[in-house]
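Here is what each chain is made of, one letter per residue.
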Amino acid sequence: MACGMNINQEKKIGDYKNVLTNNISLSKMFFSKVVVILIYQCVSAVLIAAASILGSLLIYNELPIIPQVIMTTAFIIIVALPLIPFSLIVSKYIGVLMTTLINLIGAVGSVFIALKSYFWVLPWGSMLRVPVETMGIHPNGTPIENFNLVPDFQVLAIAMGVSVVYFLILMWLSNKIFKRKMYI
């Protein structure tokens, strides 16, 4: 949603005419868009973590393991990185509604692969796998029985490594597409 709002805001103020006429680097502008959306993502993740802690306190009358919530939130922010450049480009050239639909389909489809060894194939799969390893929460939202409090760091390393690689590839590819489409 943040990517779509960012693209719609640009369309309202002239669709990059100021950028092109003032000879501003399109690569730097695209990178700054990603950084701004990453900041939005971090703020929303902190709010969600605070809401989950408060919700646990109100519903179950117990405080969750706060470092565990913070660690899970940090991992999810990192593994969600590839979706930022992907969603920016899809929002720009296909539309916000299609971006939302694609992300919804990716998230729902990832529920079926999140517990498999190939969870990393889709970026959404890594985002669903992190809570499994760090908090014992099944991708469908239910607690996992016999959860080991020590996370599988090999799985977390795979999720983070693949996500960073996806992010770098999508940043490069999205930047090239963005720059080429601006001059057409």
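Rules behind the numbers
- Residues numbered from 1 in each chain as written.
- Predicted model: local features only at pLDDT ≥ 70, side-chain atom pairs only at ≥ 80, totals over all residues.
- Heavy atoms only, no water.
- Patch = residues over 30% accessible without salt bridge, like charges linked within 9 Å, V, L, I, M, F, W, Y side chains within 5 Å.
- Areas by Shrake-Rupley, 256 points an atom, 1.4 Å probe, with all protein chains shown as cover.
- Salt bridge = Lys/Arg side-chain N within 4 Å of Asp/Glu carboxyl O.
- Helix = DSSP H or I, 4+ residues; strand = E, 2+ residues; numbered from the N terminus.
- pLDDT = per-residue confidence, 0-100.
- Buried < 20%, exposed > 50% of the residue type's maximum accessible area, 1.4 Å probe, protein only.
- Core = buried A, V, L, I, M, F, W, Y, C linked by side-chain atoms within 4.5 Å.
- Axes fitted to C-alpha atoms, helices over the stretch in contact; angles between N-to-C directions.
- Parallel < 35°, antiparallel > 145°, perpendicular 65-115°, else oblique.
- Left-handed = near helix turned anticlockwise from the far one by under 90°.
- Contact = heavy atoms within 4.5 Å.
- Expected span 1.5 Å × (residues − 1).
- Phe/Tyr/Trp six-rings, centres within 6.5 Å; stacked < 30°, edge-to-face > 60°.

Draft legend 1. Focus on a nonpolar patch on the surface. Judged by side-chain polarity, Tyr93, Ile94, Met98, Leu101, Leu104, Ile105, Val108, Val111 and Phe112 come together as a nonpolar surface patch covering roughly 840 Å² of accessible area. Topologically, isoleucine 94 is positioned in the loop between helix 5 (83–93) and helix 6 (96–111).

Draft legend 2. Spatial organisation of the confidence of the model for the chain. This prediction gives the chain a mean pLDDT of 85; 87% of its residues lie at or above 70. Here helix 2 (residues 17–21) is the element of the chain with the lowest mean pLDDT, 63, and helix 4 (residues 66–79) is the one with the highest, 92.

Draft legend 3. Broad picture of the environment of phenylalanine 31. Its place among the elements puts phenylalanine 31 in helix 3 (residues 26–60). Looking at phenylalanine 31, the relative accessible area reads 49%, which means it is partly exposed. Expressed as a C-alpha distance, the spacing of phenylalanine 31 and methionine 171, which sit 140 residues apart in the sequence, is 8.2 Å.

Draft legend 4. Expanded view of the pattern of salt bridges. Overall, the coordinates contain one salt bridge when judged by the stated rule. For arginine 129, the salt bridge goes to glutamate 133, with nearest N and O atoms at 3.1 Å. Residue arginine 129 and its partner glutamate 133 are located together in helix 7 (residues 123–135), separated by four residues, close to a single helical turn. Note on accessibility: arginine 129 and glutamate 133 belong to one class, buried.

Draft legend 5. Examining the nonpolar core more closely. Residues Phe30, Val34, Ile84, Leu88 and Phe178 are the most contacted members of the largest nonpolar core, which totals 13 residues. Of all the secondary-structure elements, those providing two or more residues to this core are helix 3, helix 5 and helix 8 (153–183). A per-element tally of this core places helix 3 first, with five residues. Listed in part, the seven residues of the second largest apolar core include Phe75, Val155, Leu156 and Ala159.

Draft legend 6. The arrangement of helix 5 in detail. Most of helix 5 sits out of view: nine of its 11 residues are buried. Backbone geometry just after helix 5 places glycine 95 at a positive phi near 125 degrees.

Draft legend 7. Looking closely at the packing of helix 3 against helix 4. Following both chains from N to C, one finds helix 3 and helix 4 inclined at 155 degrees, their axes separated by 10 Å at the closest point. The angle between helix 3 and helix 4 places the two elements in the roughly antiparallel class. Like other packed secondary-structure pairs, helix 3 and helix 4 cross with a definite hand, here right-handed. Listed contacts from helix 4 to Leu38, Gln41, Cys42, Ala45, Ala49, Ser52 and Ile53 of helix 3 are Ile66, Val69, Thr73, Ile76 and Ile77.

Draft legend 8. Fine view of helix 7. If you check helix 7, its first and last C-alpha atoms are 19 Å apart, about what 13 residues at 1.5 Å a residue would give, namely 18 Å. Burial within helix 7 is extensive, with 10 of its 13 residues counted as buried. For helix 7, every residue scored as buried is listed here: Pro123, Trp124, Gly125, Ser126, Arg129, Val130, Pro131, Val132, Glu133 and Thr134. Positive phi appears at glycine 136, one or two residues downstream of helix 7, with a value of about 75 degrees.

Draft legend 9. Spotlight on the packing of aromatic side chains. Summed over the entire model, instances satisfying the criterion amount to one aromatic pair. When the centroid spacing of 6.1 Å and the interplanar angle of 85 degrees are considered together, the rings of phenylalanine 86 and tryptophan 124 count as edge-to-face. Within this pair, whereas phenylalanine 86 is found in helix 5, its partner tryptophan 124 is found in helix 7, the two being separated by 38 residues in sequence. When its relative accessible area of 23% is taken as the criterion, phenylalanine 86 is described as partly exposed. Classification of tryptophan 124 as buried rests on a relative accessible area of 10%.

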